[in-house]
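In case you want the letters, here they are:
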Amino acid sequence: MTPIRARIGVLGLALVAGLAAPASATAAPVTAAAAPAPTVEERRLDGDAPREILRRSGFASAAPAFARGLGRADSYREARRLVAREGSALWRRAVDRVQGRGPARGDLSRDDDRPLYWARLGMTRELRTWEPGFGLSERQRAGLLDELERTSRGQRDIRLPQHRTGSGGGGKGVKRVLLTGFDPFTLDRDIRISNPSGAVALALDGTVIDTPDGPARVETAVFPVRWQDFAEGTVERALRPYLPKVDLFTTVSQGRVGKFDVERTNGAWRGGFPDNDNVSRTETVPVADPASQPQWTTTTLPYEAIAAADTGRFPVLDNTAVTEIPAGGTEPVVRPDGPTPGSTAREGGGGNYLSNEIAYRATLLRDRLGLHGTLPGGHVHTPVLQFGPDNADPATGAVTDPEFVRNRLDIVAQTRAILAVAVSASGRDRS
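Thresholds applied
- Residues numbered from 1 in each chain as written.
- Predicted model: local features only at pLDDT ≥ 70, side-chain atom pairs only at ≥ 80, totals over all residues.
- Heavy atoms only, no water.
- Helix = DSSP H or I, 4+ residues; strand = E, 2+ residues; numbered from the N terminus.
- Buried < 20%, exposed > 50% of the residue type's maximum accessible area, 1.4 Å probe, protein only.
- Salt bridge = Lys/Arg side-chain N within 4 Å of Asp/Glu carboxyl O.
- Pairing = 2+ DSSP bridges.
- Axes fitted to C-alpha atoms, helices over the stretch in contact; angles between N-to-C directions.
- Polar contact = N/O pair within 3.5 Å; in protein donor to acceptor, adjacent residues only side chain to side chain.
- Contact = heavy atoms within 4.5 Å.
- Core = buried A, V, L, I, M, F, W, Y, C linked by side-chain atoms within 4.5 Å.
- pLDDT = per-residue confidence, 0-100.
- Parallel < 35°, antiparallel > 145°, perpendicular 65-115°, else oblique.
- Left-handed = near helix turned anticlockwise from the far one by under 90°.

1. What to know about the overall build of the protein chain
Here is step 1 of the chain: Across its full length, the protein chain holds 13 helices and 14 strands.
Here is step 2 of the chain: Buried positions account for 55% of the 431 residues belonging to the protein chain.

Spelled out as structure tokens, the structure:
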């Protein structure tokens with residue numbers, strides 16, 4: 001998910017409480033805030049392609065059913081339970097469809113990640129514009145949106161095996177792997193877009209990969225393509241409970257045409273490319289404790305073994321390039337072999353969009369948890385998922401075609417093979 005490289009909910013602000021009423025006064029009811037308008041991202045639902053994707057996958061009913069449930073909720077507590085239940089159900093429904101469980105309910109190929117994306121947006125739009133009969137404050141609405149985002153993205157559905165492998169490997173127990181993907185993005189360029197990293201997350205969630213070093217259970221989640229969510233700590237909040245418990249993690253996103261990249265270095269810079277709400281941010285990546293924030297973080301994945309292995313039809317590169325402002329300099333310089341001492345980040349190996357940022361945040365969290373020397377983790381960029389050559393025009397093209405499906409299936413299969421190599425090589429490194 002790197003526009004520079006490709007070259008080709010929301011947490012509301014907490015309201016400050018007013019002064020308490022005198023003891024003799026009657027407590028005032030919660031004042032309902034006016035429902036906000038749909039976001040830029042949600043308004044894209046009115047396009048022909050999203051409606052077709054939802055209809056041909058059987059997911060068109062998700063938002064209307066959710067709206068009916070909201071209409072029956074007569075309290076914030078009841079609405080919260082409904083949101084958590086329906087968000088989790090949407091995630092499980094999407095995983096089951098991709099993994100072949102239950103009816104497909106439509107002729108769209110089962111490997112498609114887009115039904116989850118558009119159905120979630122339908123549900124967030126219903127929730128954002130909902131005006132219940134009881135009072136709903138801005139803070140409460142933001143809490144409901146956040147719960148829907150987290151549950152429908154698999155972030156509350158991570159189920160690690162009870163017994164992890166010891167540091168020597170040896171086939172004891174099941175290794176635990178955490179993988180993240182992303183929503184589709186650059187939708188104003190082509191609203192039909194699918195994100196192969198999201199498809200990987202749906203295809204691998206809860207699956208077991210057999211490796212030469214033993215079985216590995218994969219748990220996954222997906223993240224939004226929105227600067228503000230990242231600034232509010234969505235990555236750290238989702239990953240912090242699990243990084244100390246897993247044997248390997250990788251963040252995954254869409255990168256360059258025709259190749260995989262294992263990103264060696266991640267940079268602390270946001271380059272400003274617009275997100276899915278058409279918001280731009282150009283600044284240092286905002287994190288907690290900025291005084292101790294490094295300009296660069298590095299992968300601890302076994303990049304040499306991954307790049308050398310035969311994992312599929314796309315080449316896999318160990319990408320060492322970055323763009324930096326050298327110490328004492330003022331202009332950005334491309335460094336093919338990584339950053340120089342004292343430099344300021346302008347692009348990691350994966351650019352300076354949200355794919356670089358999730359890699360930076362996840363590896364910084366790893367390091368701040370004291371796991372740099374013991375936990376393999378980093379970022380993998382997949383090839384760009386392309387439509388067939390006769391279906392490349394977004395204005396006239398179909399929402400799917402045979403080559404588009406084949407490309408996505410091949411990317412998913414090769415990512416799975418890359419994980420197997422990473423798990424096995426990491427086990428050898430720790431033995």
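2. Digging into the pattern of salt bridges
Here is step 1 of the chain: Here the structure, examined in full by the defined rule, presents 37 salt bridges.
Here is step 2 of the chain: For Arg237, the salt bridge identified is with Asp146, shortest N-O distance 2.7 Å. Taken as a pair, Arg237 in helix α10 (residues 234-239) and Asp146 in helix α7 (residues 138-152) lie far apart in primary sequence, 91 residues in all.
Here is step 3 of the chain: Exposure remark for Asp146: the relative accessible area of 10% places this residue in the buried category.
Here is step 4 of the chain: In this structure, the salt-bridge partner of Arg192 is Asp190, at a minimum N-O distance of 2.9 Å. The same class applies to Arg192 and to Asp190, which are both buried.
Here is step 5 of the chain: Because the salt bridges share partners, they merge into one network encompassing Glu41, Arg120, Glu149, Arg153, Asp183, Arg226 and Asp229.

3. Observations regarding the sheet that holds strand β11 (residues 322-325)
Here is step 1 of the chain: Strand order in this open sheet of 3 strands is β12-β11-β13, and the pairing throughout is antiparallel. Of all strands in the sheet, those bounded by a partner on one side alone are β12 (333-335) and β13 (344-347). Averaged over all adjacent pairs, the angle separating strand axes in this sheet is 45 degrees, with direction ignored.

4. Re the side chain of Thr311
Here is step 1 of the chain: Structurally, Thr311 is set in the loop between α11 (303-308) and β10 (316-319).
Here is step 2 of the chain: By relative accessible area, which is 11% here, Thr311 ends up buried.
Here is step 3 of the chain: Within the structure, the side chain of Thr311 is placed 3.1 Å from the side chain of Gln414, a separation counted as a polar contact.
Here is step 4 of the chain: Apart from the residues lying within four places of it in its own chain, the contact partners of Thr311 are Val316, Gln414, Ala417, Ile418 and Val421.

5. Overview of the pairing of β11
Here is step 1 of the chain: What you see with β11 is no split at all: Val322 and Glu324 on one side and Thr323 and Ile325 on the other are buried throughout.
Here is step 2 of the chain: Where β11 lies against β12, 3 bridges are found, and the strand directions are antiparallel. If you follow Glu324 over to β12, its bridge partner there is Val333.
Here is step 3 of the chain: One ladder, built from 3 bridges, connects β11 with β13; its direction is antiparallel. Along β13, the bridge assignment pairs Ile325 with Thr344.

6. Looking at the sheet that holds strand β2 (residues 208-211)
Here is step 1 of the chain: Spatial ordering of the open sheet is given by β2-β3-β1-β4-β14-β5-β10, a layout of 7 strands whose pairing is mixed. Since the sheet does not close on itself, it has two edges, and those belong to β2 and β10, each with one partner. Strand after strand, the sheet turns through a mean of 30 degrees between neighbouring axes, direction not considered.

7. Remarks on helix α8 (residues 196-204)
Here is step 1 of the chain: Across the 9 residues that make up α8, a large majority, 9, are buried.
Here is step 2 of the chain: Within the sequence span of α8, burial applies to Pro196, Ser197, Gly198, Ala199, Val200, Ala201, Leu202, Ala203 and Leu204.
Here is step 3 of the chain: Where α8 ends, the next residue or the one after it, Gly206, has phi of about 75 degrees, a positive value.

8. Some remarks on the nonpolar core
Here is step 1 of the chain: In terms of nonpolar packing, the biggest core is built from 66 residues, with Phe66, Trp118, Leu127, Trp130, Leu179 and Leu419 touching the most fellow members.
Here is step 2 of the chain: Grouped together as the second largest cluster of nonpolar side chains are 23 residues, Phe182, Phe185, Phe223 and Leu375 included.

9. Remarks on the confidence of the model for the protein chain
Here is step 1 of the chain: Mean pLDDT over the protein chain works out to 91, with 89% of the residues at or above the 70 mark.
Here is step 2 of the chain: Considering only residues more than four positions removed or in separate chains, one finds that residues 4-28, a stretch of pLDDT under 50, has 36 contacts.
Here is step 3 of the chain: Confidence drops under pLDDT 50 across residues 165-171; counting only partners more than four residues distant or on other chains, this segment forms 14 contacts.

10. Things to note about the pairing of strand β5 (residues 260-263)
Here is step 1 of the chain: Alternating residues of β5 divide into Phe260 and Val262 and Asp261 and Glu263, and every residue in both groups is buried.
Here is step 2 of the chain: Bridge count for β5 against β10 is 4 bridges, and the pairing is parallel. Bridged to Val262 within β10 is Asp318.
Here is step 3 of the chain: Direction of pairing for β5 relative to strand β14 (residues 377-382): antiparallel, over a ladder of 3 bridges. Considered in β14, the bridge of Glu263 is made with His379.

11. Regarding the environment of Ala392
Here is step 1 of the chain: Structurally, Ala392 is set in the loop between β14 and α13 (402-430).
Here is step 2 of the chain: For Ala392, a relative accessible area of 51% gives the class exposed.
Here is step 3 of the chain: Along the backbone, Ala392 and Asp190 are 202 residues apart, and their C-alpha atoms lie at a distance of 9.5 Å.

12. Structural notes on the packing of helix α4 (residues 62-72) against helix α5 (residues 76-98)
Here is step 1 of the chain: Direction vectors running N to C along α4 and α5 enclose 165 degrees, while the axes themselves pass 10 Å from each other. Here α4 lies roughly antiparallel to α5, going by the angle between them. Of the two elements, α4 crosses α5, and the hand of that crossing is right-handed. The segment α4 lies against α5, with Ala62, Phe66, Gly69, Leu70 and Arg72 engaging Glu78, Leu82, Val83, Glu86, Leu90 and Arg93.

13. Some thoughts on unusual backbone geometry
Outside of glycine, negative phi angles account for most residues, and trans bonds account for most peptide bonds.
Here is step 1 of the chain: The phi angle at Thr186 is positive, at roughly 50 degrees, despite the residue not being glycine.
Here is step 2 of the chain: By the secondary structure assignment, Thr186 is in the loop between β1 (175-182) and α8.
Here is step 3 of the chain: Judged by relative accessible area, which is 16%, Thr186 ranks as buried.
Here is step 4 of the chain: Its identity is not glycine, yet Asp289 carries a phi of approximately 55 degrees, on the positive side.

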